[in-house]
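# Inside the fold
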Amino acid sequence: MTDLSAYQDPEVIQRVLHQARTVAIVGLSSNVLRASNFVGFYAARHGYRVIPVNPREEEVLGERSYPSLSDVPEPVDLVDVFRAPDAVPGIAREAVATGARALWLQFGVISPEGAEIATGGGLAVVMDRCFKIEHARYIGRMHVLGFDTGVISARRQAP
Amino acid sequence: MSDDYQRIREFGFHTRAVHAGARPEPTTGARAVPIYQTSSYVFEDPESAAAYFNLQEYGNTYSRIMNPTVAALEERLANLEGGIGAVAFASGLAAQSSALFTMLVPGDHMVASAALYGGTVTQLKHLARKLSVELTFVDPDSPADWAGAVRDETRVLFAETIGNPGGNVLDIKAVAAIAHDAGVPLLVDNTFATPYLCRPIEWGADIVVHSVTKFIGGHGTSIGGAVVDSGEFDWSNGKFAIVADPSPAYHGLAFHETFGSYGYLMKLRAETLRDLGGAMSPLNAFLFMQGLETLPLRMERHVSNAMTVAGWLSERDDVAGVRHPGLPDGPYAPLTAKYLPKGAGAVFCFDLDGGREAGQDFIRGVRLFSHLANVGDAKSLIIHPASTTHRQLGDDELAAAGIGPGTIRLSIGIEDPQDLIWDLEQGFARMHGNGT
């Protein structure tokens with residue numbers, strides 16, 4: 001079992017969440033019942049520009065879908081991956097080439113090789129974590145459904 | 001690191017008992033968790049409303065399904081148990097029936113400890129009839145019995161950390177291994193131990209249920225329950241179509257696929273709680289949170305008082321036996337050392353020679369112990385199970401639950417232990433015909 005803790009650092013996760021503006025979601029489905037659609041919908045709702053990357057889709061969540069990351073014609077801050085682990089090294093190379101700042105691998109998308117490629121290219125890497133859950137944990141409202149955020153603080157936050 | 005970022009640290013149990021789930025309220029700055037006494041919540045706009053009802057966004061819709069005060073309690077309890085989340089209910093029995101309702105369908109089979117709380121035994125038999133689920137009770141002390149009762153249709157194993165009232169200590173790790181070999185979850189009622197004394201999830205339990213009425217509330221004021229999920233069980237292993245397959249009750253949503261480890265809790269809340277409706281009130285949640293803040297302090301006192309009283313009882317000639325799992329020469333001493341190193345709780349039974357009449361006379365003699373059907377109050381409590389809590393059970397079932405006609409159950413409070421012993425002496429005097 002790979003030790004994933006290096007890719008689940010709360011400080012890195014929060015930095016990625018706060019700094020990203022444009023998020024390319026690789027494997028984003030137009031099926032509203034798929035986890036990728038839940039995450040894409042949530043990210044767009046919270047102000048991120050979401051760019052679908054999926055050769056099997058024309059348009060998802062009102063945005064044009066591109067067949068691959070290399071086809072995306074604008075800069076991308078974060079690449080969020082809903083694909084089988086064996087697709088990750090290729091995606092990581094494209095992410096490095098496009099100048100993305102971070103690579104995020106969703107639950108079960110575990111690829112030490114892909115993570116090494118991305119890290120080598122200067123990207124921050126988060127692995128086996130959900131973008132929506134982590135956003136909701138630190139910035140959003142995960143607590144309203146009784147989930148443990150792990151966040152303990154006596155500071156007052158902005159409403 | 002930006003000053004806005006949350007510092008994540010492995011906070012200790014006492015700190016988390018006071019803080020988890022309860023950040024200052026952003027609008028007013030209120031430090032205590034406000035009692036959100038509201039049935040419903042105004043939506044920002046139609047898109048937001050739709051997103052909440054579709055479960056695409058975390059938001060409040062209706063207090064039968066979620067409420068900010070209740071959510072703070074849920075988060076704190078989940079945090080203390082080491083779970084990923086919790087759902088609170090109107091009572092402990094509502095919590096456990098909802099936990100089972102979410103995972104079982106007709107034709108399934110469940111295996112349960114024969115030494116459970118009488119109200120739970122009655123509920124399981126009732127649920128089994130209504131859901132057409134088969135039910136097998138086993139000796140909780142025998143891993144071989146647990147393993148032998150498992151069949152292809154088995155979908156859950158159910159036990160208590162500390163049996164009520166027999167004081168059996170569950171070998172959680174062994175029974176969890178049997179459950180996992182069968183591809184089913186182990187559900188543990190941790191009411192008597194509380195997360196301060198034992199955290200079953202750390203030993204392999206998948207789901208923990210509580211009557212938070214007891215030590216968690218701690219003051220005998222309110223009725224409530226909760227289900228905590230470890231998030232570790234694989235509901236997509238082929239045995240739980242009811243959790244994993246697209247749900248007709250939620251426009252085809254496949255809870256486990258879409259929400260991953262949070263799928264069971266989402267289904268428990270968004271379907272079972274929504275549809276069966278056993279919601280906890282915000283005021284009760286507030287009282288339970290206050291209870292949790294002092295849980296570690298109270299449990300230390302409960303446990304030490306109970307050991308003092310149990311030790312005193314076990315020295316007496318007119319006591320046939322004391323069944324406190326923490327007594328050093330008792331049958332559960334090794335399991336207690338392993339699973340309950342900080343103490344084996346504060347509810348235990350002792351047996352009087354002389355049967356039913358002796359038991360009732362004893363209860364007539366005491367005046368500080370409250371004669372009532374509850375446990376886990378700051379006040380000491382006493383009851384005669386054969387004529388009250390376990391009255392619905394037949395003699396064989398009573399024996400299987402470890403209850404005799406002269407069994408007395410005590411729930412030791414946080415009073416001065418000398419005063420508790422003084423009061424019990426009055427019970428013995430009355431029993432021997434010398435009391436007033």
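These numbers come from a predicted model, not from an experiment.

## Considerations on the overall build of chain B
Each helix and strand in chain B was counted, giving 17 helices and 12 strands. Rg of the C-alpha trace for chain B: 22 Å, near the compact-globule value of 22 Å for 436 residues, within the 12% margin. With respect to the three principal axes, the spread of C-alpha positions in chain B is 75 × 55 × 40 Å. The burial tally for chain B puts 52% of its 436 residues in the buried class. Put simply, 73% of the contacts in chain B that link residues at least 6 apart link residues at least 24 apart.

## So, the overall build of chain A
When you go through chain A residue by residue, the secondary structure sums to five helices and seven strands. Sequence-ordered secondary structure for chain A, helices as α and strands as β, is α-β-α-β-β-β-β-α-β-α-β-α. Projected onto its principal axes, the C-alpha coordinates of chain A cover approximately 45 × 35 × 25 Å. Classification of the 159 residues of chain A by burial places 50% in the buried group. Sequence-distant contacts, at least 24 apart, represent 58% of the contacts inside chain A between residues at least 6 apart.

## As for the domain arrangement of chain B
All names here are of chain B. According to the domain assignment, chain B consists of domain 1 (13-291) and domain 2 (296-431). Once you take the C-alpha centre of each, domain 1 and domain 2 turn out to be 28 Å apart. The set of elements that each furnish at least two residues to the side of domain 1 that touches domain 2 consists of α1 (13-19), α5 (118-131) and α8 (194-197). For the side of domain 1 that touches domain 2, the residue count by class is 16 nonpolar, 11 polar and two charged.

## A word on the interface of chain B and chain A
Note: interface size is frequently given as the accessible area lost on complex formation between the parts. Taken together, the contact pairs 41 residues of chain B with 33 residues of chain A. The element best represented in the side of chain B that touches chain A is helix α3 (residues 68-81) of chain B, accounting for six residues. Here the residues of the side of chain B that touches chain A are counted per class, giving 19 nonpolar, 15 polar and seven charged.

## So, the sheet that holds strand β6 (residues 102-105) of chain A
Note on sheets: strands pair through backbone hydrogen bonds, and any given pair is parallel or antiparallel. Residues and elements named next belong to chain A. Ordered in space as β2-β1-β5-β6-β7, the five strands form an open sheet in which the pairing is parallel. The two strands at the open ends of the sheet, each matched to only one other strand, are β2 (49-53) and β7 (124-127). Along the sheet, successive strands turn relative to each other by an average axial angle of 20 degrees, direction set aside. In this sheet, β6 lies alongside strand β5 (residues 78-81) in parallel orientation, the contact comprising four bridges. Its bridge partner being in β6, L78 is matched across the sheet by A102.

## Notes on the nonpolar core
The tendency in soluble globular proteins is for nonpolar side chains to be buried as a group. In this structure, V79 and L103 of chain A together with L157 of chain B are the most contacted members of the largest nonpolar core, which totals 183 residues. Composition of this core by domain shows at least three residues from each of domain 1 (13-291) and domain 2 (296-431) of chain B. In contact with V79 of chain A, not counting residues within four places along its chain, are A24, V26, L69, I91, A95, A100, L103 and W104 of chain A.

## A closer look at the packing of helix α13 (residues 295-314) of chain B against helix α17 (residues 417-431) of chain B
Residue and element names in this part refer to chain B. At a minimum axis distance of 10 Å, the contact between α13 and α17 shows a crossing angle of 35 degrees. For α13 against α17, the interelement crossing comes out right-handed. Seen from α13, the contacting residues are N305, T308, V309 and W312; seen from α17, they are P417, L420 and I421. Along the lines of polarity and charge, the residues of the contact of α13 with α17 split into five nonpolar, two polar and no charged.

## Quick look at the sheet that holds strand β12 (residues 407-411) of chain B
All names here are of chain B. Spatial strand order, β8-β9-β12-β11-β10: five strands in an open sheet with mixed pairing. Since the sheet does not close on itself, it has two edges, and those belong to β8 (319-323) and β10 (370-371), each with one partner. Alignment of strand β9 (residues 347-352) against β12, held across five bridges, turns out to be antiparallel. Bridge pairing in β12 places F348 opposite L410.

## A short note on unusual backbone geometry
Backbone geometry places L61 of chain A, a non-glycine residue, at a positive phi of 50 degrees. Its place among the elements puts L61 of chain A in the loop between β3 (59-60) and β4 (63-64). You can call L61 of chain A partly exposed: it has 19 C-beta atoms within 10 Å. Phi at T194 of chain B is positive, roughly 60 degrees, even though this residue is not glycine. Looking at T194 of chain B, the number of C-beta atoms within 10 Å reads 27, which means it is buried.

## Some details on the environment of G354 of chain B
All names here are of chain B. Structurally, G354 is set in the loop between β9 and α15 (355-365). Spatially, the C-alpha atom of G354 lies 9.6 Å from that of A320, the residues being 34 residues apart in sequence. In this structure G354 touches G406 and M431, once residues within four positions along its chain are discounted.

The rules behind each value
Residues numbered from 1 in each chain as written. Chains lettered and ligands numbered in written order. Predicted model: local features only at pLDDT ≥ 70, side-chain atom pairs only at ≥ 80, totals over all residues. Helix = DSSP H or I, 4+ residues; strand = E, 2+ residues; numbered from the N terminus. Rg over C-alpha atoms; globule rule 2.2 N^0.38 Å. Buried ≥ 20, exposed ≤ 12 C-beta atoms within 10 Å, placed from the backbone. Contact = placed C-beta atoms within 7 Å. Domains from an automatic or database assignment. Nonpolar A, V, L, I, M, F, W, Y, C, P; charged D, E, K, R; others polar. Pairing = 2+ DSSP bridges. Axes fitted to C-alpha atoms, helices over the stretch in contact; angles between N-to-C directions. Core = buried A, V, L, I, M, F, W, Y, C linked by C-beta atoms within 7 Å. Left-handed = near helix turned anticlockwise from the far one by under 90°.

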